[in-house]
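# Examining the three-dimensional arrangement
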Amino acid sequence: MALHTDLPVYKDTRDLAKLISQVVANMQRDYKFTLGKRLDDQCIDLVMDVYRANAASDRLTIIQGMREKVVAIELSMRLAVDVGRMSRKHYARAIQLTQSIGRQLTGWKKHTETRQMTGRQGDRPSAHR
């Protein structure tokens, strides 16, 4: 089993969480503890889910939940841009990361489904892109 910290999806989720933490740190107080906290929590949960999915026997459910969280993060970031609390530059970088994460999760899901259909074990994503 590959370590979760070696997976590209982990690295991208961690980079997203770091970026969002920087954005939230610069938000005005009234948004920092509402929209900012929500975004921060969603990103941290996503990082933790990579570990959970990598270690779980039923990872399809976790992966599907992660895909939903990516969409929720994108929607929250769009709202932050719309209310002027996130720059377009940060938004553009964050969207690149969420798209990469989404593609990797889709690949991981398909790989896991294929492994389950053939009855093979070790359905971890490869550590390369």
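Going by the structure above, here's the rest.
Anyway, here's the lowdown on the structure attached to this text. In this text the structure is predicted, and so the values were computed from the model without any measurement.

### Some details on the environment of arginine 93
- Along the chain, arginine 93 turns up in helix H4 (residues 88-118).
- For arginine 93, a relative accessible area of 40% puts it in the partly exposed group.
- Separated by 74 residues in the primary sequence, arginine 93 and leucine 19 have C-alpha atoms spaced 8.5 Å apart.

### Brief notes about helix H3 (residues 59-82)
- End to end, H3 covers 35 Å across 24 residues, agreeing with the expected 34 Å (1.5 Å per residue, within 8%).
- Listed in full, the buried residues belonging to H3 are Arg59, Leu60, Ile62, Ile63, Met66, Val70, Ile73, Ser76, Met77, Ala80 and Val81.
- For H3, the secondary structure elements touched by its buried residues are helix H1 (8-25), helix H2 (29-55) and H4.

### A word on the packing of aromatic side chains
- The tally for this structure, following the rule as stated, stands at zero aromatic pairs.
- Cation over ring: arginine 78 sits above tyrosine 91, and NZ or CZ is 5.3 Å from the ring centre.

### Quick notes on the packing of H2 against H3
- It is the contact of H2 with H3, at a shortest axis distance of 9 Å, that shows an interaxial angle of 160°. Put simply, H2 runs roughly antiparallel to H3. The element H2 and its partner H3 pack so that their crossing is left-handed. Here Leu35, Arg38, Leu39, Gln42, Cys43, Asp45, Leu46, Asp49, Val50, Arg52, Ala53 and Asn54 of H2 lie close against H3, whose contacting residues are Arg59, Ile62, Ile63, Met66, Lys69, Val70, Ala72, Ile73, Ser76, Met77, Leu79 and Ala80.
- Here the residues of the contact of H2 with H3 are counted per class, giving 15 nonpolar, three polar and six charged.

### Some remarks on the nonpolar core
- Membership of the largest hydrophobic core comes to 34 residues, with the highest contact counts inside it found for Leu16, Ile20, Met77, Met86 and Leu105.
- The contacts of leucine 105, once residues within four sequence positions are left out, are Val9, Ile63, Met66, Arg67 and Val70.

### Structural notes on the pattern of salt bridges
- Following the criterion strictly, the structure yields seven salt bridges and no others.
- Notably, a salt bridge pairs aspartate 82 with arginine 78, separated by 2.7 Å at the nearest N-O pair. Of the two residues, aspartate 82 and arginine 78 are both situated in helix H3; the distance of four residues between them amounts to about one turn of the helix.
- For glutamate 113, the salt bridge goes to lysine 109, with nearest N and O atoms at 3.0 Å. Here glutamate 113 pairs with lysine 109, and both are found in helix H4, just four residues apart, close to one helical turn.
- Judged by its relative accessible area of 30%, glutamate 113 is partly exposed.

### Here we look at the environment of arginine 85
- Relative to the helices and strands, arginine 85 resides in the loop between H3 and H4.
- On a C-alpha basis, the gap between arginine 85 and tyrosine 31 in space is 7.7 Å, while along the polypeptide they are 54 residues apart.
- In this structure arginine 85 touches Val23, Met27, Gln28, Tyr31 and Ala80, once residues within four positions along its chain are discounted.
- A distance of 3.1 Å separates polar atoms of two side chains, one belonging to arginine 85 and the other to glutamine 28.

About the criteria used
- Residues numbered from 1 in each chain as written.
- Predicted model: local features only at pLDDT ≥ 70, side-chain atom pairs only at ≥ 80, totals over all residues.
- Heavy atoms only, no water.
- Helix = DSSP H or I, 4+ residues; strand = E, 2+ residues; numbered from the N terminus.
- Buried < 20%, exposed > 50% of the residue type's maximum accessible area, 1.4 Å probe, protein only.
- Expected span 1.5 Å × (residues − 1).
- Contact = heavy atoms within 4.5 Å.
- Phe/Tyr/Trp six-rings, centres within 6.5 Å; stacked < 30°, edge-to-face > 60°.
- Lys NZ or Arg CZ within 6 Å of the ring centre and 35° of its normal.
- Axes fitted to C-alpha atoms, helices over the stretch in contact; angles between N-to-C directions.
- Parallel < 35°, antiparallel > 145°, perpendicular 65-115°, else oblique.
- Left-handed = near helix turned anticlockwise from the far one by under 90°.
- Nonpolar A, V, L, I, M, F, W, Y, C, P; charged D, E, K, R; others polar.
- Core = buried A, V, L, I, M, F, W, Y, C linked by side-chain atoms within 4.5 Å.
- Salt bridge = Lys/Arg side-chain N within 4 Å of Asp/Glu carboxyl O.
- Polar contact = N/O pair within 3.5 Å; in protein donor to acceptor, adjacent residues only side chain to side chain.

No statement about biological role is implied by the geometric values presented.
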